[in-house]
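# What the coordinates show
What follows is each chain in one-letter form.
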Amino acid sequence: MNQLALAAAYFVLGRASLLLAIPPGFAAPVWPASGLALAALLLGGNRMWPGVLLGHFLVNLSTGGTDVVSVVLSVVIAGGGTLQALAGARLVRGFSGYPNSLARGKDIIRFMLLAGPAACLISPTVGTLALAALGKISAAEFPFSWATWWVGDVLGVLLVTPA
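In this report, the structure presented in the accompanying data block is examined. Owing to the predicted nature of the structure, the values given are computational and were not obtained by experimental measurement. (Residues numbered from 1 in each chain as written. Predicted model: local features only at pLDDT ≥ 70, side-chain atom pairs only at ≥ 80, totals over all residues. Heavy atoms only, no water.)

### Re the overall build of the protein chain
Assigned secondary structure in the protein chain consists of seven helices and zero strands. Taken from the N to the C terminus, the helices and strands of the protein chain come in the order α-α-α-α-α-α-α. Expected size for 163 residues packed as a compact globule is a radius of gyration near 15 Å; at 15 Å, the protein chain falls within 12% of this value. By principal-axis analysis of the C-alpha atoms, the protein chain measures approximately 45 × 35 × 25 Å. Across the 163 residues in the protein chain, those meeting the buried criterion constitute 42%. Considering only contacts in the protein chain between residues 6 or more positions apart, those separated by 24 or more positions represent 72%. Accessible surface, the protein chain as shown: approximately 7600 Å² in total, 74% of it carbon and sulfur. Considering the protein chain, the positive charge centre built from 8 side chains and the negative charge centre built from 4 side chains are found 15 Å apart. (Helix = DSSP H or I, 4+ residues; strand = E, 2+ residues; numbered from the N terminus. Rg over C-alpha atoms; globule rule 2.2 N^0.38 Å. Buried < 20%, exposed > 50% of the residue type's maximum accessible area, 1.4 Å probe, protein only. Contact = heavy atoms within 4.5 Å. Areas by Shrake-Rupley, 256 points an atom, 1.4 Å probe, with all protein chains shown as cover. Lys, Arg positive; Asp, Glu negative; His and termini not counted. Charge placed at Lys NZ, Arg CZ, Asp CG, Glu CD.)

Next up, the structure:
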């Protein structure tokens, strides 16, 4: 898979997921694109990160507009998602014996914990902090937005990456 194909696939999955997003439209209860991003980095190497960044940027830009705040927000959120995929790939490669067939219980558990709950702390934290800093969500909305984003990314990783 090349960078543009990855960006296009990320964009399509991301746009479809946004149909379930909570206001203001950046956090979805399932985000398969996070699983695609991790799989692309595991299979294609870390050199695939620009495709993740571009696809993620375009998804977010398509929800917020082209004013300066929306572009900055899109860049920051895409950066957080890309860092999450890179961290997930690093954790999986470093601590789960990757590549492996995920045939043994301990390999499955280790992969699921590292790729899902651990690595997926990054994007929701960066994204919701950016949304709050730029006035897109209130302090009261922060916990629910963060939790929805985290669950969506974890589910996306756990459902898509192993496939």
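### Here's the deal with the nonpolar core
The biggest cluster of nonpolar side chains holds 23 residues, and the ones touching the most others in it are Tyr-10 and Trp-31. Broken down by element, the residue count for this core peaks at seven residues, all from helix α2 (residues 32-44). Discounting residues that sit within four places of it in the chain, Trp-31 has contacts with Tyr-10, Gly-14, Ser-17, Leu-18, Val-59, Gly-152, Asp-153 and Gly-156. (Core = buried A, V, L, I, M, F, W, Y, C linked by side-chain atoms within 4.5 Å.)

### Some details on the packing of aromatic side chains
Counted by the stated rule, this structure contains two aromatic pairs. Between Tyr-10 and Trp-31 the ring centres are 6.4 Å apart and the planes differ by 65 degrees, which places this aromatic pair in the edge-to-face class. You can see Tyr-10 sitting in helix α1 (residues 3-17) and its partner Trp-31 sitting in the loop between α1 and α2, a full 21 residues away along the chain. Take Tyr-10 and Trp-31: they sit in the same class, and that class is buried. Ring plane angle 5 degrees and centroid distance 6.0 Å describe the contact between Trp-146 and Trp-150, whose orientation is recorded as stacked. One end of the pair, Trp-146, and the other, Trp-150, are both in helix α7 (residues 142-160), four residues apart, so they sit about a helical turn from each other. (Phe/Tyr/Trp six-rings, centres within 6.5 Å; stacked < 30°, edge-to-face > 60°.)

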